[in-house]
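Architecture at a glance
One-letter residues, chain by chain:
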Amino acid sequence: MEMPSELRDAAGDDEAIVVTEREYDGASEIVVDFGPTAATPAVDIVGDTAIVVAGDRQFEFHVPEGARDVTVNGGVLTIQG
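What comes next concerns the included structure. (Residues numbered from 1 in each chain as written. Predicted model: local features only at pLDDT ≥ 70, side-chain atom pairs only at ≥ 80, totals over all residues. Heavy atoms only, no water.)

1. Examining the side chain of T78
Following the sequence through the fold, T78 ends up in strand β7 (residues 76-80). With near-sequence residues (within four places) excluded, T78 lies in contact with E29, I30, V31, D69, V70 and T71. (Helix = DSSP H or I, 4+ residues; strand = E, 2+ residues; numbered from the N terminus. Contact = heavy atoms within 4.5 Å.)

Have a look at this one:
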C-alpha cells in the first residue's frame, strides 16, 4: 500500500505528526500519530476520499488502493491493507 502524499506533506509541515509505514505477514499499515494536540482527530470516508479533521486543520487524501480499514483511535489514524 502506498502512502498518500497528502499525509506525508502534512507530517512534513508539523513536527508533532509522526507517520509510520509497516509491512508484515502480507499486510501493510500506515499509522499517523497526530501527537499531543488539544483536539482529537476524526475521520470520515466519502467515496474514495478520507477527510481527517484535527482541531482547525483538515487533511484530505485518496484512500490507498488495497486499504480495507481507515480508523482513528486515541489520536492515531490507522490505514490497514
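2. A short note on the sheet that holds strand β6 (residues 69-73)
Strands sit in the order β1-β2-β7-β6 across an open sheet of four strands; the sheet is antiparallel. Both outer strands of the open sheet, β1 (18-24) and β6, are each paired with one neighbouring strand and no more. Between one strand axis and the next, the sheet turns by 15° as a mean value, whatever way the strands run. Across five bridges, strand β2 (residues 27-33) lies against β7 in antiparallel orientation. (Pairing = 2+ DSSP bridges. Axes fitted to C-alpha atoms, helices over the stretch in contact; angles between N-to-C directions.)

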